[in-house]
Structure formats: C-alpha cells, structure tokens
Amino acid sequence: MLALLCAGTGPARADEAEAASAASLQARHAASQARLGRNQFQRPLVLDSSETPSAVAGDVHAVVNFPFEAAAGALGTPADWCDILMLHLNTKSCRVSGTGPATILTVWTGIKHDQPIEEASRVDLAFRVAARSAAYLRVELHAGAGPMGTRDYRITLEAIPLAAGQTFIHLAFSNAYGSLGRLAMQAYFATAARDRIGFTVLDALPDGRLRHVGGVRGAVERNVMRYYLAIESHLGALSGSPQARFEKRIRAWYEASELYSRQLHEMEQGAYLEMKRRENARRPADPA
C-alpha cells in the first residue's frame, strides 16, 4: 500500500515542479521588462554570463514573435535541433539517433571554414524533453565531453507562452574545463583571439570607448548569442518546402549575426552560404 501511495505522487510532483518552473520563468520575464525594452541589441533580449575557475556560462532571455505552440513543436523535436545547431559556424554536421530517453544528437564541430567531416571533432549530445505542456517547455542537451577539450557541455531551452502570439524563451549554454584546458584557452585568447570581445560592457576608457568582456567569458557570450539567433532564424523559416526553409534560415542567421558584426563577424556572406550548403548536402542520414 505504501509503495502504491508513493508511486501515485510521482505525476503530481512532476506537475508541481513543471508549474514551479513555468512560474519562475514568468517571474523572470516580469523582472526583465526594463532590460528587454531598452538594450544594446535593439530587440527584446537580455544576455548575461558568468565565469569561475573551472566553468563558464551564458544565458539569453528573449521574446520571440512566434506562437508558443509552433515554437514548442519545433524546439521540442531533435531533428529541428540538428537544423538549429548546423547554423553555427563551427558545426560541420549533425545526426539524430535513438528515440525517447535514448535520443542522441551526434554533432561534428571544427574550424570556422569548410572542413571534411572526417577531420572534425565528434560530440554526442543526449537530448531530453524534460517538460512539455500547453504552458511550458524545457529541453536539455548534455554531453560529458564537449568540443575543444571541454566537459559537462550543456544547452538548455525553456519557453512559456505570452500574449499576442509571442513566446518568452530562456537559452542557457555552459561548459566546464580542467586546468590544462583553461591554460590552453587563456593562451589562445591572449594571442590569436586577443581582439575578440563579447557583449558585456565592463567600463568606459578615458577616450570614451567602451571596454567589453573578452577571453573565455566573451567566447561563451558569442556562442550563446549565435545559438539564440539560430533558434530565431529556424522558427522564422518553418513555412515552405524543406529546401526553401534551409535557404531562408541560413540567410536569416547570417543577416542577424551581422547586426552584431563587432562580436560575431567571421566571414563574408557568400562564403558562409556556400559552406553551409556543402555541409548540408553531405550530412549523414539519420538511422532508421
């Protein structure tokens, strides 16, 4: 009898946890009104980041002009996440395998230029829809080992419906690294990437120029922003044939990224579009 009673509390507790998570995201939306209404991005978007000696994290909270039902339908689907991840400069290919709790997104990452998949690094992301209802979505992607020697690689997406057919989303991106990985990244950002910056303004220089965050924290801000723009571009291209959707989203992602060219520009539009067309053409088929 005790076992039956305990088992019966499972769904109820899950519903309570989901309702609490939705309420928490609603509270964050309410608390972010001032920052959503006026910011450097010229759109309803807030970006935050943090760094510790062993990990780095970036968060985007944003209002997107898509109904929750349509947004949740796409963002809760593994194949759509492969299409989203493929927009990033460093993603060379993506494949879905397994179903339900065993779903894996195998992602190949590499340099920011055309690269054979055989030369790219492989990351297996466990994909899980942690919660889905008419009022809340939570999707989690996690890999024990990530690209470039990182570990505990995580992407988390939450969403709730808003009035007027809009959706409020929270995108979180984080990874950890050991002492050797941190030293390697510090060396990289002190030399080849010393001029790369993120979005957070640290202070103003005597000549009036703004000093932005750099290093590993700047990198995570650029990455979480790229992933957010990929989500928005994907949602905006859901109509039409598969090929038309593909062309629409790669063009939309590039154009959106160029709005923040100081942080995100890496290559010219023609080179990016051709690279993504080649990568899409050679994507391995998802296992039956």
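For the structure itself, consult the block above.
Rules used in this analysis
- Residues numbered from 1 in each chain as written.
- Predicted model: local features only at pLDDT ≥ 70, side-chain atom pairs only at ≥ 80, totals over all residues.
- Heavy atoms only, no water.
- Axes fitted to C-alpha atoms, helices over the stretch in contact; angles between N-to-C directions.
- Helix = DSSP H or I, 4+ residues; strand = E, 2+ residues; numbered from the N terminus.
- Parallel < 35°, antiparallel > 145°, perpendicular 65-115°, else oblique.
- Left-handed = near helix turned anticlockwise from the far one by under 90°.
- Contact = heavy atoms within 4.5 Å.
- Nonpolar A, V, L, I, M, F, W, Y, C, P; charged D, E, K, R; others polar.
- Disulfide = S-S within 2.5 Å.
- Buried < 20%, exposed > 50% of the residue type's maximum accessible area, 1.4 Å probe, protein only.
- Polar contact = N/O pair within 3.5 Å; in protein donor to acceptor, adjacent residues only side chain to side chain.
- Phe/Tyr/Trp six-rings, centres within 6.5 Å; stacked < 30°, edge-to-face > 60°.

*Asks:* Whenever I open this one, the packing of helix H4 (residues 78–85) against helix H6 (residues 215–236) confuses me. Can you help?
*Replies:* Two quantities define a packed helix pair, namely the angle between the axes and the distance from one axis to the other. In contact at an axis separation of 9 Å, H4 and H6 are set at 120 degrees when each is read in the N-to-C sense. When the axes of H4 and H6 are compared, the pair comes out oblique. With respect to the hand of their crossing, H4 and H6 are arranged in right-handed fashion. Where H4 approaches H6, its residues Asp-80, Trp-81, Asp-83, Ile-84 and Leu-85 are matched on the opposing element by Tyr-227, Ala-230, Ile-231 and His-234. A class-by-class count of the residues in the contact of H4 with H6 yields six nonpolar, one polar and two charged.

*Asks:* Teacher, can you tell me more about the state of the cysteines here?
*Replies:* Here, the word disulfide means a covalent bond between the sulfur atoms of two cysteines. This structure, assessed with the given rule, holds one disulfide. There is a disulfide in this structure between Cys-82 and Cys-94, and the S-S distance comes to 1.9 Å. Residues Cys-82 and Cys-94 are joined by a disulfide whose S-S torsion is about -70 degrees; by sign, that bridge is left-handed. Taken together, the residues span a long stretch of sequence, with Cys-82 in helix H4 and Cys-94 in strand S3 (residues 91–97) at a distance of twelve residues.

*Asks:* Teacher, can you tell me more about the side chain of His-170 here?
*Replies:* Note on placement: His-170 falls in strand S8 (residues 167–176). The exposure class assigned to His-170 is buried, which follows from its relative accessible area of 10%. Here the side chain of His-170 touches Asp-59 through a polar contact of 2.7 Å, side chain to side chain. His-170 has contacts with Leu-25, Arg-28, Asp-59, Val-60, His-61, Thr-156, Leu-157 and Glu-158, leaving out every residue within four places of it along the chain.

*Asks:* What exactly am I supposed to notice about the packing of aromatic side chains here?
*Replies:* What describes a pair of aromatic rings is the distance from one ring centre to the other and the angle between the planes of the rings. Taken as a whole and judged by the stated rule, the model has seven aromatic pairs. Centroid distance Trp-253 to Tyr-272: 5.0 Å. Interplanar angle 25 degrees. Geometry classified as stacked. Pair noted here: Trp-253 is in helix H7 (residues 242–258) and Tyr-272 is in helix H9 (residues 269–281), with a separation of 19 residues, a long-range link. Note on accessibility: Trp-253 and Tyr-272 belong to one class, buried. These aromatic residues form a ring-pair network of at least three members: Phe-41, Phe-199 and Tyr-260.

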